[in-house]
Amino acid sequence: MDTVPASNEQIDLLCAQTLFKGALPANITLIAGTALTSAFYYTNTGSALIYWVVAMLLIAAVRIIGAQRFLVDQERLLQQLNTDAWVTLYVTASLASGIGWAVLPLFLPADIDATGVSVLYILYFTIMSATIVSLPAVLSAYIAYSTPIFISAFLYPFAQTSQPIMFLSIAAIIYFFFIISAGRLLNKRYRHNFSLIIENETLIEELHNEIEQKEQAQKKISENQLVLEDTVDKRTRELSDTNKALVNEINERCRIESNLKHIAHHDSLTNLPNRLLLDARLNHAIEQAKRSDLQVAIIFIDLDHFKTINDSLGHSAGDELLIAVSRKLLNCIREGDTVARLGGDEFIIIIEQLHDIIDLNPILKKIMRATSSIVSIRDHELVISASLGISIYPDHGDNADTLMRNADAAMYYVKDHGRQKYRFYTRDLTTSAYDRVILETDLSRALENDELLVYYQPQVSLKTKNIVGVEALVRWQHPELGLLTPKQFLPIAEKSSLINRIGEVVLLQACEQMVAWKKQGLPIKTVAVNIAGNQIHHGNLVAVVERVLQKTRCETDWLELEITEDFIINKTDKALTTLRRLRELGISLAIDDFGTGYSSLSYLKQLPINKLKIDRAFVRDIDDDMEDATLVQAIIAMGRSLKLKLIAEGVENSSHEIFLAAHGCEYAQGYYYSEPVRAEKIIKLCAEQDRALHDKVRPINGNSD
């Protein structure tokens, strides 16, 4: 599953919350500082300082009330005033507070003694350093607060004549630069930490950037510390404590950097090692195995039908399932072995220090039990399973890439042959994968050389026993391998972009043949063409159909498009719009292989379909299996209640025909009537059932099968 980077708006909101959460203790400290300041200078200034104290208390109260209102009733207030406005209000109040401290010298007598001046500067530096705890979450608030104080500290000595006091201006500049740099560093830490909370994973490049920032920051801090050390002996104990606090902050940052390294090497969802750490551990395991003359096993695990769970229950439920599976896998391995997540629903297990492959048996049994169990996710009981591929060092490869690739090949073999099993890699799997690549290349060439043929299987009315339609089925006349069935090449086409081109070729041939049959007077009403999900989801199907109909002059009511039931669970707004536009053209739509998926009445009612095709798996055993017979009856009853036409596939004997007709099914197709044949044989079949048609159509020469 891909993570979405944190937006600036989300980070700004968390920064604002942090700022406002620290407002209460920060402003209480400010009030205490104001009280102590007024108490210290009161003997020199008298009652004039009372106005300043009152103003500072009012500003602190405004900051406290505003922050608490934001936190207590955040959702309602944010609908009236956005976060930026709240932050601006708080920054303005902070600026006012900073100005309040800055104008303090205006209330002091011009001939204040050195002790008073020292206390004033200690107060200024302490205020600027103390607020580094609460304000740098929003850097503008910290700058707004500190800048007026710095300006006052910088300008105040110019009103004096003593050289030591003038030296305080230089110290103020140095300290202000240092404290603002520290504030900037803290602000970056806040924002980076919040970004980590929001995002699901941190990329390696981000870690590299953070390390570079750390080095630059440490360099700047070191330079600032050298300057500060020249004046630290002349400053008070408070400045020394501030410096120690900053050193502690650097240590805290180092701890955070250590956490970042962990995140960079672990999956953010499951906390398992990611691909980067997996490669390192696998290479290390191989090196150890070389020295010890032992073996290493790589187990490639892929959850079965995980996409269905994601699509039906949502990605958050899918994430919970991945977490649960990762915990189960961790309980299956020994200490020293590794469970890693590659991404999506793929896991890798490294079993180290194997003396013999037999040692894998107990571990594999645990893994199969763990991945063939029931998991409770959000009040849903999910039955999970997984396909496992295994490669062994050194038998199946002497490096990490080869072992991973071979384990992946073994896993895909399991995927293609029933799932929920495990298989060890063999060289034949590599050959098979190579053959698939060659076959895909040949298939692309076949489209250019017109090697694809369309066969047709009759569809019969159970009432009249006459052929009323046909289903178009593609075949590939391979120049070397002979005639290939769809199962031998369509799965390859579906994994590439070729399926859309094949679909258009079949549609074009079927429509051309339908027009030819109509001209010959055949009683065939419709030709059914299968449509792959990829054509609906990712192709411009409506435009393709319109273009083919216009080119062949085929009527829209002569064409029927069949979609698989799996499409229903994966339907999207775009796909539904496509189907509705096809229905608006006048094209009939049917659901193929009905009964094998997860469709429901609510799904069916949303689809603009005309017909249900009952899957042959249920029809085949209706004579012997009461459950299949009952299910077929239920499908027929449901279809009739929805006013849908019904056609049964896989009719192989007369008892099938009698059962279906007795329970209200209207149409049927199967080997009982005819296997898929070329177009010429369809003409012959129609002529055999209608003698007048036999005399009308042209005679058929040669073998039409």
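Residues numbered from 1 in each chain as written. Predicted model: local features only at pLDDT ≥ 70, side-chain atom pairs only at ≥ 80, totals over all residues. Heavy atoms only, no water.

Counted according to the given criterion, the structure contains 18 salt bridges. Among the ionic pairs, Glu 451 bridges to Arg 445, the shortest N-O distance being 3.4 Å. Exposure remark for Glu 451: the relative accessible area of 12% places this residue in the buried category. Judged by relative accessible area, which is 31%, Arg 445 ranks as partly exposed. Among the salt bridges present, the one from Arg 620 reaches Asp 621, with a minimum N-O distance of 3.9 Å. Three or more residues are tied together by salt bridges with common partners; here these are Asp 302, Asp 304, Lys 415 and Arg 419. (Salt bridge = Lys/Arg side-chain N within 4 Å of Asp/Glu carboxyl O. Buried < 20%, exposed > 50% of the residue type's maximum accessible area, 1.4 Å probe, protein only.)

Moving on: helix α17 (residues 486–494). Listing the buried residues of α17 in full gives Phe 489, Leu 490, Ile 492 and Ala 493. The buried residues of α17 occupy one face: seen down the axis, they fall within an arc of 160°. (Helix = DSSP H or I, 4+ residues; strand = E, 2+ residues; numbered from the N terminus. Arc of directions from axis to C-beta.)

In this fold, Lys 613 is placed in strand β14 (residues 611–614). Within the local environment of Lys 613, its side chain forms a polar contact with the side chain of Glu 471, the two groups lying 2.9 Å apart. Of note is the side chain of Lys 613, whose polar atom sits 3.0 Å from the side chain of Gln 669. What Lys 613 contacts, discounting residues up to four positions off in sequence, is Gln 459, Glu 471, Glu 562, Ile 591, Asp 592, Asp 593, Phe 594, Ile 647, Glu 649 and Gln 669. (Polar contact = N/O pair within 3.5 Å; in protein donor to acceptor, adjacent residues only side chain to side chain. Contact = heavy atoms within 4.5 Å.)

Time to look at the packing of aromatic side chains. Taken as a whole, this structure holds 6 aromatic pairs when the rule is applied. Aromatic side chains Tyr 422 and Phe 424 sit 6.3 Å apart centroid to centroid with 85° between the ring planes, which places their arrangement in the edge-to-face category. The ring of Tyr 413 has Arg 423 lying over it, and the distance from NZ or CZ to the ring centre is 4.2 Å. In this structure, Lys 611 is placed above the aromatic ring of Tyr 667, and the distance from its NZ or CZ to the ring centre is 5.4 Å. (Phe/Tyr/Trp six-rings, centres within 6.5 Å; stacked < 30°, edge-to-face > 60°. Lys NZ or Arg CZ within 6 Å of the ring centre and 35° of its normal.)

Time to look at the sheet that holds strand β6 (residues 386–393). Sheet architecture is open: 5 strands sit in the order β2-β3-β1-β6-β7, paired in mixed fashion. For this open sheet the edge positions go to β2 (338–343) and β7 (422–424), each flanked by a neighbour on one side alone. When the angles between neighbouring strand axes are averaged without regard to direction, this sheet yields 20°. As paired strands, strand β1 (residues 295–303) and β6 are joined by 8 bridges and run antiparallel to one another. Across the sheet, the residue bridging to Ala 297 is Ile 392, located in β6. (Pairing = 2+ DSSP bridges. Axes fitted to C-alpha atoms, helices over the stretch in contact; angles between N-to-C directions.)

So, about the environment of Pro 486. For Pro 486, the position within the fold is in helix α17. Once the C-alpha coordinates of Pro 486 and Leu 473 are considered, the two residues, 13 residues apart in sequence, prove to be 8.0 Å apart. Once residues lying within four places of it in the same chain are set aside, the contact partners of Pro 486 are Val 474, Arg 475 and Pro 491.

Right, let's talk about the environment of Ser 152 for a bit. Tracing the backbone shows Ser 152 in helix α7 (residues 139–155). Taking the C-alpha atoms as reference, Ser 152 lies 9.9 Å from Tyr 121; in sequence the two are 31 residues apart. Filtering out sequence-adjacent residues up to four positions away, Ser 152 remains in contact with Ala 102, Pro 105 and Tyr 124. Among the polar contacts listed, one links the side chain of Ser 152 to the backbone oxygen of Ala 102, at a separation of 2.8 Å.

Looking at helix α26 (residues 654–662), one finds that the buried residues are His 656, Glu 657, Phe 659 and Leu 660. Buried residues of α26, seen end-on, are gathered within an arc of 165° and therefore sit on one face of the element. Facing away from the buried side of α26 by over 90 degrees, the exposed positions are Ile 658 and Ala 662. Of the surrounding secondary structure, the elements contacted by the buried residues of α26 are α24 (616–619), α25 (626–641) and β15 (645–648).

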